[in-house]
Amino acid sequence: ERPRGNEIPERHLLTRDVSVLGSGAGADVPLPAPAAERVAALVRGWRGFSLVGLAPNGIKRNGALVPFRVELAADDELVFEATRFRLRVGHPETA
C-alpha cells in the first residue's frame, strides 16, 4: 500500500509471482515520473517476497539502500525516489 497524506492508502494487490514496479506502460505497480520504466521487481517465492532492483536509482528498505536483492518482511517500508510503500502480507479482504 502507498500512503497518500491523510487519505486512505492506495493498495496494489500482487497476484503474480513477479510484479514489476515502474513508470512504464506494462508496470504492475505504477510509479510516477521521473521513475524509470522498470525500477524493481517484487518476487514471490517459498520464503516470502524479495525485492530485486532493476534501475540504478537508489531503492531503500527501512531506510537502508538495497544493494541488488533483499528478502522482505511484513510492514517493510520501501522507498523508490519520492514514492513510499508499506508491504502488507496476507489475504485480501472479501466482500
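Placed above this text is the structure.
The structure reproduced in this document is the subject of the present report.

What counts and how
Residues numbered from 1 in each chain as written. Predicted model: local features only at pLDDT ≥ 70, side-chain atom pairs only at ≥ 80, totals over all residues. Heavy atoms only, no water. Pairing = 2+ DSSP bridges. Helix = DSSP H or I, 4+ residues; strand = E, 2+ residues; numbered from the N terminus. Core = buried A, V, L, I, M, F, W, Y, C linked by side-chain atoms within 4.5 Å. Buried < 20%, exposed > 50% of the residue type's maximum accessible area, 1.4 Å probe, protein only. Contact = heavy atoms within 4.5 Å. Salt bridge = Lys/Arg side-chain N within 4 Å of Asp/Glu carboxyl O.

1. Things to note about the sheet that holds strand S5 (residues 40–45)
Piece 1. In spatial order, the strands read S4-S3-S5-S6-S9; together these 5 strands make up an open sheet with mixed pairing. The open sheet is flanked by strand S4 (29–30) and strand S9 (69–71), the only strands paired with a single partner.
Piece 2. Pairing between S5 and strand S6 (residues 48–53): 6 bridges, direction antiparallel. From the neighbouring strand, Ala-40 faces S6, where its bridge partner is Gly-53.

2. Things to note about the nonpolar core
Piece 1. By size, the foremost hydrophobic cluster in this structure holds 18 residues, and its most contacted members are Leu-51, Leu-72 and Phe-80.
Piece 2. Mapped onto this core, the elements with two or more residues apiece are S5, S6 and strand S10 (77–80).
Piece 3. When residues no more than four places from it in sequence are discounted, the contact partners of Leu-72 are Leu-42, Phe-49, Ser-50, Leu-51, Arg-61, Leu-78 and Leu-87.

3. What to know about the pattern of salt bridges
When the charged atoms of two side chains with opposite charge come close together, those side chains can pair.
Piece 1. Scanning the model with the defined rule gives 7 salt bridges in all.
Piece 2. For the salt bridge of Glu-77 with Arg-84, the shortest nitrogen-to-oxygen distance reads 3.3 Å.
Piece 3. A salt bridge links Arg-86 to Glu-77, with the shortest nitrogen-to-oxygen separation between them at 3.8 Å.
Piece 4. Judged by relative accessible area, Glu-77 falls into the partly exposed class, the value being 22%.
Piece 5. A network of salt bridges, in which partner residues are shared, links Glu-77, Arg-84 and Arg-86.

4. Some words on the sheet that holds strand S8 (residues 64–65)
Piece 1. Read from one edge of the open sheet, 4 strands run S8-S7-S10-S11, paired in antiparallel fashion. Looking at strand neighbours, the two that pair on one side only are S8 and strand S11 (83–86), the edges of this open sheet.
Piece 2. Where S10 lies against S11, 4 bridges are found, and the strand directions are antiparallel. Along S11, the bridge assignment pairs Phe-80 with Thr-83.

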